[in-house]
Protein chains: 2
Amino acid sequence: MYKMLSYLPITQWLPHYRQGDATQDSLAAVIVTLMLIPQSLAYAMVAGLPPVYGLYASILPLLVYTILGTSKTLSVGPVAVVALMTMETLTEMYPMGSPEYINSASLLAMLSGMVLLFMAIFRLGFLTHFISHPVLSGFMTASGILIIISQTKHLLGVTAQGDNAVELLIHLIQQVPTSNVYTAGIGFGSLIALIMSRRFLSAGLMKIGIASHIAKQIVKLSPVMVMLLCIAIVSFFQLNHDGVRVVGQIPSGLPVLAVPTFSLTDLYTLLPAAIIISLVGFVESASVGQTLAAKRKEKISANQELIALSGANIASAISAGFPVTGGLSRSVVNFDAGASTPLAGALTAVGISITALYFTPLFETLPQSVLAAIIIVAVSSLIDFKAILNVWKESKIDGFSMTITVLGVLLINVEIGIVLGVVSAIFLYIMRTSHPHIAIVGLMPNSQHFRNIARHQVETSSHIVTIRIDESLYFVNAQYLEDKIPQYITQFPAAKHLILMCSGVNDVDVSALDSLKKIISDLSERDVVVHLSEVKGPVMDKLIHCHFLEMLTGDVYMDQFTAYQSIKIKV
Amino acid sequence: MYKMLSYLPITQWLPHYRQGDATQDSLAAVIVTLMLIPQSLAYAMVAGLPPVYGLYASILPLLVYTILGTSKTLSVGPVAVVALMTMETLTEMYPMGSPEYINSASLLAMLSGMVLLFMAIFRLGFLTHFISHPVLSGFMTASGILIIISQTKHLLGVTAQGDNAVELLIHLIQQVPTSNVYTAGIGFGSLIALIMSRRFLSAGLMKIGIASHIAKQIVKLSPVMVMLLCIAIVSFFQLNHDGVRVVGQIPSGLPVLAVPTFSLTDLYTLLPAAIIISLVGFVESASVGQTLAAKRKEKISANQELIALSGANIASAISAGFPVTGGLSRSVVNFDAGASTPLAGALTAVGISITALYFTPLFETLPQSVLAAIIIVAVSSLIDFKAILNVWKESKIDGFSMTITVLGVLLINVEIGIVLGVVSAIFLYIMRTSHPHIAIVGLMPNSQHFRNIARHQVETSSHIVTIRIDESLYFVNAQYLEDKIPQYITQFPAAKHLILMCSGVNDVDVSALDSLKKIISDLSERDVVVHLSEVKGPVMDKLIHCHFLEMLTGDVYMDQFTAYQSIKIKV
């Protein structure tokens, strides 16, 4: 029973819910709701869906996360990158916005929920660790660029297509002359207003005497204010009759609950995308949740988060939504607004429900170019060229896998981009281990410590050569060792003893043991005895298990100093 | 000029060629030729080609290898595994034995030669190191089983098909009642004769006074003797009119030299198979070459071997052959027969040419079931269940990737089998590094050496905790460290200093540095100072380059003992 309840974190915090919590949660919910309305409409557009589906994806998932989630401030719902991946997956199957397309979006959320549940059951959350920080950062920046390019067409009111970011950009530039002047005016006007309010509004409000934290909250509401202003302008001048594309009539009311229809072929086709969306969505959500929790000295449970996100996606699927996850910007707003428990999320869901029930007529004259402007400003925070430059400065190898990711996203598509990034990072890591750093070491003066003879002034003996291999010994570098170690010994013609100092050897496998055996028998013909020193516990266990010590010509020493001293006395 | 000549190893040994060499090489060539005739006919059958193409693939490639190769005893030509891979690749494209099929076999050799040349130019020979010993051994055993199953149909004279080894076996068993009694009689008779001669002939010959080394050579010729005997039986009883399938009429003469015809689509389709064939072929050839060279204290050059095999395959392609490589059994025979220089290979080519010119009428009544028996006996040496069992005993992880390979080959196909094996071995290695072994260490009595407190009686201090992480720190384990290290510190409430002993840390990347920074700032809030000890040169270079030391709360010590002593005085 207790075990059961541990899967429902709400049972831990709800009984202690206090009056003060309610005040804080309500305030945060109001602010997040006002921010989420334009954002959810906009991200539905990124996903290639009619805007109202963004509202649908922002109700049930939030309620479910409130029950299952372990982060007190994470705000779950549609996010930019996941919406982009949804769009890229579905446009290859159905015409954008068609009933099949809409149904498949829900199906993708359903599958995504299943994948996350599978990951939770089999404790596969660690799979997300395969996405390195540079790959993730390259992925985010490239996705941001791709979203901006793809939204610019809505900003200008033109149609542009392309199989990748570059093609799209070229087509977009060619189409500029066909843009609608009112649409572009509203779009760029909104864009400038949003950028200005980000830059200067808070300082301006503080100047006229408004407290800093309130000024900050007001800035967060600028998208909703710009949206309302544009609705008013379009309605007043009837610009929708002059070619300004608007959201149009949408049904009032809550989404109808239903399991999306599917065939086995659909599942099979969507599964790869669902896996990648789940991994990327979980990485984003977990890192946001963790960062915010750490700020308040709280903790989140990675595995329970998988369950919570699984639940949120399944909830989204059965309420006509699309894949959701924990989003950075909204969660930060929720956190800053002082959300005290996950109930803030449930209250936000209530706010969005009210909007869906009563305020949808408002969006009839909402121009799509305003939503595009809101997206462009929101995703611009994903783009971080400075971080990219820093990675290059710090490490060429990390820089390389990051660049592969960026190019993959921009020249092929988001899924291929992240897969290429992960695979190249792993390949480069394996490559590094294939040519391990090998040092000939000697005794540091006045110590029992041994160091590289090439870097330090150390004591050596002409009869004893000590080689330190700085890598686990395994199949990828086994042949390299077989080639290199005898070569090293050839440089010391007087050598009678080779000590392999194993402080850097964290593991050995069957292939490496084969190679070591060959090295030992090769050296034994040259009358060189092979010893081991500083073999770690787990490696020693393996050597014993594989009867390796029986064919070792020398001895195994606990530490290098003892090895050196003992052998020195003998020769 | 000198550089140019280094690509032609023949220029180094031919000028010193002596009379004695010629005698030895000629003798070896005669023995290998007699062994190669039935083998090459048989392997052509494995490759799905008319038998005579096996002779074609055993002429020009041998001459080219004589000029380019660095092994003195390697015998290049058709081999079982490569023939099997050729067949599996081509049967998916064309009906077996059709003109398109035959042309594509040459094309595959051509592409394989190109891939090997590419690998030589870009020094990619190390890619073969990605195939671990257990994966290779599983691959060889499974390929041997697959070849035996597929040849049993020729042995019985039935037709059987299947997409994988299991389906083929089931179909084969169902077809047993349709088998031709003469065919099966000849097949099983040959099989028993070959097995018996392997087991008992050499001992029998020695009993009647024949010297051991000569007896051994005679045993090697038993396939050709069995073949001649069966040709005689079939001719005499005219069994080819009673349903015994024979090789039939084949044109006398040398192959016509021509570049295989191709389209871009062909190249594109064949390329993946060509890459895998090249890698597997090179691994087999290089390991045979290396083993034999080591026995005579000679060396082979891996990169020159790539060039030589590339040349041999291109030569095979333009002389109507199929992919070739250095084969184990033939090379061992060549070695045992005393081949002294690569000229033995060229003389073997002359022997095969004479056969193609004058002896092809002999094969008209050669029953296919004899060839099947010869193949089955030859490839049975590939099957090594004991090695498979040993790997399982020595290491579960190696055993797992080996089993994946075996299952892949038998249940899917050879190419998928080896790819799955390599990928699973790499994945399992990465998985091991994702949860590194972490030891809390203390000072060993009467030494300056630090060891795991869980394994040894060591001195510790309640204020100083030393953690030794036995792995390179990189993106796959960065998050794990972030979770674990603070947990370890929680177990020591009095801890004021954490020393990270880096003797096992062979590398760090950007992701790991991010995590270390978080750990340091997390611990600094708990008033724990973080120090580093025994940081290796290359890692230290990176820490300095990334300005990591600037945010380290403690110091970096050359060795762990100094770190412990210095901090102990302070607290």
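Above this text is the structure in question.
Residues numbered from 1 in each chain as written. Chains lettered and ligands numbered in written order. Predicted model: local features only at pLDDT ≥ 70, side-chain atom pairs only at ≥ 80, totals over all residues. Heavy atoms only, no water.

Considering the environment of T403(B)
In step 1: Relative to the helices and strands, T403(B) resides in helix α19 (residues 396–411).
In step 2: Distance from T403(B) to D522(B), taken between C-alpha atoms, is 44 Å for residues 119 residues apart in sequence. (Helix = DSSP H or I, 4+ residues; strand = E, 2+ residues; numbered from the N terminus.)

Regarding the interface of chain A and chain B
In step 1: Contacts between chain A and chain B engage 62 residues on the former and 62 residues on the latter.
In step 2: Of the roughly 5,600 Å² buried where chain A meets chain B, counting both sides, 57% is carbon and sulfur surface.
In step 3: The interface formed by chain A and chain B contains six salt bridges.
In step 4: Between D541(B) and R455(A) there is a salt bridge; the shortest N-O distance is 2.8 Å.
In step 5: Counting across the interface, chain A meets chain B through 25 residue pairs in polar contact (both at pLDDT 80 or more).
In step 6: Of all the elements in the fold, those that place two or more residues in the side of chain A that touches chain B are α8 (133–156), α18 (385–394), α20 (414–434), α21 (475–490), α22 (510–525) and α23 (537–545) of chain A.
In step 7: With eight residues, the top contributor of residues to the side of chain A that touches chain B is α20(A). (Contact = heavy atoms within 4.5 Å. Buried area = accessible area lost by both parts, 1.4 Å probe. Salt bridge = Lys/Arg side-chain N within 4 Å of Asp/Glu carboxyl O. Polar contact = N/O pair within 3.5 Å; in protein donor to acceptor, adjacent residues only side chain to side chain.)

Let's talk about a nonpolar patch on the surface
All names here are of chain A.
In step 1: Together, L228, L254, L347, V350, I354, L357, Y358, F359 and L362 give the surface a local cluster of nonpolar side chains, amounting to about 780 Å² of exposed area.
In step 2: When residues in the nonpolar patch are grouped by element, the largest group, six residues, is from helix α16 (residues 343–359).
In step 3: With respect to the element layout, Y358 can be found in helix α16.
In step 4: Of the residues examined, Y358 reaches a relative accessible area of 57% and is grouped as exposed. (Patch = residues over 30% accessible without salt bridge, like charges linked within 9 Å, V, L, I, M, F, W, Y side chains within 5 Å. Areas by Shrake-Rupley, 256 points an atom, 1.4 Å probe, with all protein chains shown as cover. Buried < 20%, exposed > 50% of the residue type's maximum accessible area, 1.4 Å probe, protein only.)

Let's talk about the side chain of S112(B)
All names here are of chain B.
In step 1: Within the secondary structure, S112 sits in helix α7 (residues 99–121).
In step 2: Judged by its relative accessible area of 1%, S112 is buried.
In step 3: The contacts of S112, once residues within four sequence positions are left out, are A274, I277, S278 and N313.

Comments concerning the environment of S26(B)
In step 1: Topologically, S26(B) is positioned in helix α3 (residues 19–46).
In step 2: Separated by 478 residues in the primary sequence, S26(B) and G504(B) have C-alpha atoms spaced 55 Å apart.

Here's the deal with the pattern of salt bridges
In step 1: Under the defined criterion, the tally for this structure stands at 18 salt bridges over all chains.
In step 2: With a closest N to O distance of 2.8 Å, R468(A) and D470(A) form a salt bridge. Just as R468(A) is buried, D470(A) falls in that class too.
In step 3: A salt bridge links D555(B) to K570(B); the shortest N-O distance between them is 3.8 Å. Taken as a pair, D555(B) in the loop between α23 (537–545) and β8 (556–557) and K570(B) in helix α24 (residues 560–570) lie far apart in primary sequence, 15 residues in all.
In step 4: In this structure K570(B) comes out as exposed when scored by relative accessible area, which is 55%.
In step 5: Several salt bridges converge on common partners, so that one network encompasses R432(A), D507(B) and K542(B).

Examining α23(A)
In step 1: Residues G537(A), V539(A) and L543(A) constitute the buried set of α23(A). Looking down the long axis of α23(A), one finds its buried residues gathered within 160° of arc, a one-sided arrangement.
In step 2: In this structure, the buried side of α23(A) is in contact with α22 and β7 (529–533) of chain A together with β4 (450–452) of chain B.
In step 3: H547(A) lies just past α23(A) and shows a positive phi near 55°. (Arc of directions from axis to C-beta.)

Looking at the state of the cysteines
Residue and element names in this part refer to chain B.
In step 1: Tallying each qualifying case throughout the model produces zero disulfides over all chains.
In step 2: Unpaired in this structure, C502 has its nearest cysteine sulfur neighbour in C546, at a distance of 15 Å.
In step 3: Overall, C502 belongs to the buried group, its relative accessible area being 10%. (Disulfide = S-S within 2.5 Å.)

Some words on α23(B)
In step 1: Along α23(B), the positions that sit buried rather than exposed are G537(B), V539(B), K542(B) and L543(B).
In step 2: For α23(B), the secondary structure elements touched by its buried residues are α20 and β4 (450–452) of chain A together with α22 (510–525) and β7 (529–533) of chain B.

Thoughts on unusual backbone geometry
Trans peptide bonds make up most of the peptide bonds, and negative phi angles are found at most residues other than glycine.
In step 1: For D527(A), which is not glycine, the phi torsion reads 60° and is therefore positive.
In step 2: Mapped onto the fold, D527(A) is located in the loop between α22 and β7.

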